Structure formats: structure tokens, C-alpha cells
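Each chain, letter by letter, is given below.
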Amino acid sequence: MPALFIPRALLFRTSHPRSFSSIPKMGSTITSVSSVTPRLRGVVFDMDGTLTVPVIDFQAMYKKVLGQDMYESIKLKSPSGIDILHHIETWDAGKQQTAYQIIADFEREGLERLQIMPGASELCGFLDLRKIRRGLITRNVKSAVDLFHQRFGILFSPALSREFRPYKPDPGPLLHICSTWEMEPNEVIMIGDSLKDDVACGKRAGAFTCLLDETGRYAAPEFANVEHKPDYTVSSLAEVISLLETKFDLAP
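Residues numbered from 1 in each chain as written. Predicted model: local features only at pLDDT ≥ 70, side-chain atom pairs only at ≥ 80, totals over all residues. Heavy atoms only, no water.

Under the annotation held in an unreviewed UniProt entry, the protein chain carries the name HAD hydrolase, subfamily IA and is attributed to Heracleum sosnowskyi.

Take a look at the structure:
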């Protein structure tokens, strides 16, 4: 894997220039806190549950990989979600192989029912019109990304699957995309449906973040004290166009 580019913005700041009073509550869409509208040059998407309709039963998959007791124990300690890949990496080779095969079986079934998320095509068309770059980061495999590109005719570049290490929630993939685009992280927004993967990745990289919360599940009290909270929350991709137009200077 190529050495990661560390943008100069990360050497001089640890967060976006906001006052502490401006930090948003979960489930709210924040307003601009500066008289200067931030510049946005690129959008990076998650795939499963963001660009595509959720079809994988992750809860069932986690239980089958971890076992019921371990699943319940980990879930209690991690309210924002379970990082199944992280746990598998600590196991011996034989147990890892079994776990990865279970995951592959669930993912294969998901591919058979792959559907594009409502609003995704329109949002990508809007970004093309404004000449805003778009990329993709997923913990799914490359074959799933290739199938998405082929089936729906919408290309993302770079499009990083879990073969790229480190994977989300490590900021590495997003920093790699920023380097490839020759952009600062604070000129990019990460859009995804996971607090633990997408929002954490974006925050750690120094990018803006947008949480897609279709059902409002992240408004529940159990998520009130998670470490990484999104800058913006939307209930559909259709809302993102208005968000980008009103909150950012869309400058390619």
C-alpha cells in the first residue's frame, strides 16, 4: 500500500474551527458557525446502507460469527456498533477462515438483491454538474464494488474496498483519497449510515461528516454519548443536495 499523504491541515489543527457551544446534538442538522462558508471539493460515500439499500442482516451475521454470548457482551460495551473485522483479526488462522467464509456467504446473498438507494443517482448527477469529485470507501469486498459500478453505471474514484488496509474506521482510506485528489480533508465530506465506521473515519481524518439515518435509530438515548458525532444528519440522500448547497461553497 502506498505511503499515506498527511495534509498540512492536520499538522495545525485537531478539529474544525468551531466554538464548543456550536457542537451539534445527535439527530440535528447544524447551521453554519462561521461567516465564511467552507469550501467543498469532494464527497466520499459509504456503499452498503448508503449508496445501496440495506439487504444484509448484519445482526444475524454477527451472531453467527461471534456466537450469541460474545455478541451480547460486545454489544453492551459498544453501543455505536460492532467492528466484526477487528475482532476476527485477533483470532487464530483457522477460526479466522471460518469467520470470513460466514461473512462472504452473507455478502454473496446481499449481492443477489443489490439495489441502489433512492436519491443516489440524482445526488451523483448533481455532483457531476457541479464538478465535485466523488469517491467510495466500503468494508465490503472489491467484487461487490465492481458489481455496483457495472449494474448502476455510476463510477466512484477512488473506490476502496476492504482489501485496502487499514479499513474504516481508521482514517487511512479517507486520507488516501484526499491525497489522490490533492485536497485537504476539510474540503471533503464523508457520507455514511454508520457512526462507528463512517462518521468515526471522517472525524479522525479531519473531514466533514454526514450521517444517513433513515429510521431515526441514532436519535435513541444509547447513542447520546458516543465519541464521534456527525456534523450533519439526514434521513435520505435526497436531503443531501440541499444540505450541500446551503452549507458549503461548492468549488471544484
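## Let's talk about the pattern of salt bridges
What counts here: A pair is scored as a salt bridge if a Lys or Arg side-chain nitrogen falls within 4 Å of a carboxyl oxygen belonging to Asp or Glu. Going along the chain from the N terminus, every DSSP run of H or I of four or more residues is numbered as a helix, and every run of E of two or more is numbered as a strand. We call a residue buried when its accessible area falls under 20% of the maximum for its residue type, exposed when it is over 50%, and partly exposed in between, using a 1.4 Å probe and counting protein chains only.
Taken as a whole and judged by the stated rule, the model has 10 salt bridges. Put simply, D46 and K168 hold a salt bridge, and the shortest N to O gap is 2.9 Å. On the criterion of sequence distance, the pair formed by D46 in the loop between β2 (42-45) and α2 (58-66) and K168 in the loop between β4 (159-160) and α8 (172-181) is long-range, its members being 122 residues apart. Given the relative accessible area of 5%, D46 is considered buried. When the shortest N-O distance is used, the salt bridge between D128 and R134 registers 2.4 Å. Through salt bridges with shared partners, a single ionic network connects R39, R41 and E187.

## What about the pairing of strand β5 (residues 188-192)?
Our working rule: Following DSSP output, two strands are said to pair if at least two bridges run between them. The crossover handedness rule: strands pointing away from the viewer, path from first strand over the helix to second strand clockwise, crossover right-handed.
Here β5 lies mainly inside the structure; five of its five residues are buried. Burial along β5 is two-sided: V188, M190 and G192 facing one way and I189 and I191 facing the other are all buried. Bridge count between β5 and strand β6 (residues 208-212): four bridges; the pairing is parallel. Bridge pairing in β6 links M190 to T209. In the classification by handedness, the crossover that spans β5, the intervening helix α9 (residues 195-205) and the parallel β6 is right-handed.

## Brief notes about empty space enclosed by the protein
Space left empty within the atom packing is revealed by a probe, the size of a water molecule, rolled over the atoms. Rule in force here: In the cavity and pocket records, a cavity denotes points on a 1 Å grid over the protein atoms alone where a 1.4 Å probe fits but cannot get out, a pocket denotes an open set with protein on both sides within 12 Å along at least 5 of 7 lines, and lining residues are residues with an atom within 4 Å of a point. Grid points are joined across faces, edges and corners, and a volume is the space filled by probe spheres set on the points. All amino acids are sorted into three groups, where Ala, Val, Leu, Ile, Met, Phe, Trp, Tyr, Cys and Pro are nonpolar, Asp, Glu, Lys and Arg are charged, and the leftover types, Gly among them, are polar.
Per the stated rule, a full pass over the model turns up one cavity of 30 Å³ or more. In this structure, the largest cavity spans a volume of roughly 40 Å³. What lines the largest cavity is simply M47, D48, V55, I56, E107, G110, L111, L114, N140 and A144. Take the lining of the largest cavity: its biggest share by element is three residues, from helix α5 (residues 93-112). Looking at side-chain class alone, the lining of the largest cavity contains six nonpolar, two polar and two charged residues.

## Things to note about unusual backbone geometry
Along the chain, S157 connects to P158 via a cis peptide bond; the corresponding omega equals -5°. The residue after K168, namely P169, is reached through a cis peptide bond having omega 10°. Residue position: P169 is located in the loop between β4 and α8. One non-glycine residue, K131, adopts positive backbone phi at about 60°. In this model, E182 sits at a positive phi of 60°, which is unusual for a non-glycine residue. As for its placement among the helices and strands, E182 is situated in the loop between α8 and β5.

## Concerning the nonpolar core
Heads up, the rule is: Buried Ala, Val, Leu, Ile, Met, Phe, Trp, Tyr and Cys residues that are joined via side-chain atoms within 4.5 Å together make up what is termed a nonpolar core. Note on contacts: a residue pair qualifies if any of its non-hydrogen atoms lie within 4.5 Å across the two residues.
Ranked by internal contacts, the top residues of the largest apolar core, which has 34 residues, are V43, I189, L244 and F248. Secondary structure elements with two or more residues in this core: β2, α6 (120-129), α7 (142-152), β5, β6, β7 (232-234) and α10 (238-247). Looking at which element gives the most residues to this core, the answer is α6, with five residues. If near-sequence neighbours (up to four positions away) are discounted, I189 is found in contact with L40, G42, V43, V44, F208, T209, C210, Y232, L244 and F248. Residues L85, W91, I103 and Y167 belong to the second largest nonpolar core, which totals 18 residues.

## Quick look at the side chain of R41
Considering the arrangement of structural elements, one finds R41 in the loop between β1 (39-40) and β2. For R41, a relative accessible area of 17% corresponds to the buried category. Non-local contacts of R41, meaning those with residues more than four positions away in its chain, are made with I132, R133, E182, M183, E187, A251 and P252.

## Re the packing of aromatic side chains
The cut-off we apply is this: Two rings from Phe, Tyr or Trp (for Trp, the six-membered ring) form a pair when their centres are within 6.5 Å of each other. A pair whose planes differ by under 30 degrees is stacked, one over 60 is edge-to-face, and the rest are tilted.
Enumeration according to the criterion identifies six aromatic pairs in this entry. Between F208 and F248, the ring centres sit 5.1 Å apart and the planes meet at 85°, which makes this aromatic pair edge-to-face. Of the two residues, F208 is situated in strand β6 and F248 in the loop between α10 and β8 (249-250); the sequence distance between them amounts to 40 residues. Since its relative accessible area comes to 5%, F248 is described here as buried. Cluster of aromatic residues (ring-pair linked, three or more members): F45, F148, F152 and F156.

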